[in-house]
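Inside the fold
One letter stands for each residue in the lines below.
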Amino acid sequence: MVWAAAIALASAATPQNITAGGATFPFPMYSKWFDEYHKRIPSIEINYQSQGSGFGIQQVTAGLIDFGASDGPMTDEEVSLFRAKRGFGILHFPALLGANVPAYNLPGATHPLNFTPEALAGIFLGKITMWNDPAITSVNPGTSFPNRTIIVVHRADGSGTTYIWTDYLSTISKEWESRVGRNKSVKWPIGLGGKGNEGVAGQIKQIKYSLGYVELTYALQTKMTYGRVRNSTGEFIAADLKSVSAAAAAASAQMPDDFRVSIVNAPGKGSYPISSFTWLLVPEKIADAGKKRIITELLRWVLTEGQNSAAALSYARLPQAMISKELKLIGKIQ
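Worth saying up front: this structure is predicted, and the values here are computed from it rather than measured.

The full count for this structure, using the stated rule, is one cavity of 30 Å³ or more. Considered as a void within the structure, the largest cavity measures approximately 40 Å³ in volume. Considering the residues around the largest cavity, the lining is formed by Asp71, Gly72, Pro73, Tyr163, Ile164, Asp167, Val261, Ser262, Ile263, Val264, Ser276 and Trp279. The element best represented in the lining of the largest cavity is helix H7 (residues 160–172), accounting for three residues. Among the residues forming the lining of the largest cavity, the class breakdown is seven nonpolar, three polar and two charged.

As structure tokens, then:
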């Protein structure tokens, strides 16, 4: 039914170019979605620039793209700035569920490593510097660790992936929260920077004894080794569709009306603790009537048929209760 309406809207076959950009975290899924949409309705071309969540927020605020994308919700200050510049508000549409994973290059390691929240915070604070530190070895019995320095790798650009990682570290570590905090770009205490998930993944693969954070799909696509993380119930959990969905289940029941919510360190057995929604950022007012029709139909498709292809790229589909609320939110676009 959605496609019948969309095809009807495009019946005149007048070419329409929609510009978008932002988060790299969901880019594999967005690329597939937008390509499929174009194949089904060739007159619609969606050009997405995968340059980080900070880029998406800046560009949509400036009115330089039709919609943005971010792995972290816009802050109150960013929402206020958008309204001041554009004269109307911005809507957050969760599009997918994903996860960050601690990826590493540790020669000789034959089993996925376990990481506690304390160890991850300590490593990124620069307080745990060696692979054979007891904070790591004590939860990985049977694994031999070298007396080698941990080479920390992080994002160099403004990034929603970084927001998720630092949101998690701020949630589990008071020291991290006070010294560094949660943001799309932070002053890192230690480490090497890479641009995009691709850049961080590339550095980790090239540098022995390195450790960093990447989006789950990138880790799987590039065949990276990544560890399990201890969750709030004390289980060491690997990121997968089941554990990410478990993290979202509790949050969806108490979802705020604007959909700006964090699900890191979620309660509940089986929850992966570094999970997140990723959002499409759509202006409340779209002056071009043709673009408004295309974007609203695209949103309906993403939230319905599009969800069916999420699992193939290791993203978890949204809870149905959330989808129902989001479909109603589309009606606010003027």
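Alright, that's what it looks like, and here's the rest.
Here we take up the packing of aromatic side chains. Scanning the entire structure with this criterion turns up 18 aromatic pairs. Between Trp176 and Trp188, the aromatic rings sit 6.0 Å apart at their centres with planes inclined by 55 degrees, giving tilted as the arrangement. In this pair, Trp176 is assigned in helix H8 (residues 174–179) and Trp188 in the loop between H8 and strand S7 (192–194), connecting sequence segments twelve residues apart. Given a relative accessible area of 0%, Trp176 falls into the buried group. Trp188 sits in the buried class, given a relative accessible area of 15%. Centre to centre, the rings of Phe277 and Trp279 are 6.3 Å apart; their planes meet at 65 degrees, and the pair counts as edge-to-face. Owing to a relative accessible area of 1%, Phe277 belongs among the buried residues under this scheme. On the basis of relative accessible area, Trp279 is assigned to the buried category, the value being 1%. A network of ring pairs unites the aromatic residues Phe27, Tyr30, Trp33, Phe34, Tyr37, Tyr48, Phe67 and Trp301 as a single cluster.

Definitions and cut-offs
- Residues numbered from 1 in each chain as written.
- Predicted model: local features only at pLDDT ≥ 70, side-chain atom pairs only at ≥ 80, totals over all residues.
- Heavy atoms only, no water.
- 1 Å grid on protein atoms, 1.4 Å probe; cavity = no way out; pocket = protein on both sides within 12 Å on 5 of 7 lines; lining within 4 Å.
- Points joined across faces, edges and corners; volume = space filled by probe spheres on them.
- Helix = DSSP H or I, 4+ residues; strand = E, 2+ residues; numbered from the N terminus.
- Nonpolar A, V, L, I, M, F, W, Y, C, P; charged D, E, K, R; others polar.
- Phe/Tyr/Trp six-rings, centres within 6.5 Å; stacked < 30°, edge-to-face > 60°.
- Buried < 20%, exposed > 50% of the residue type's maximum accessible area, 1.4 Å probe, protein only.

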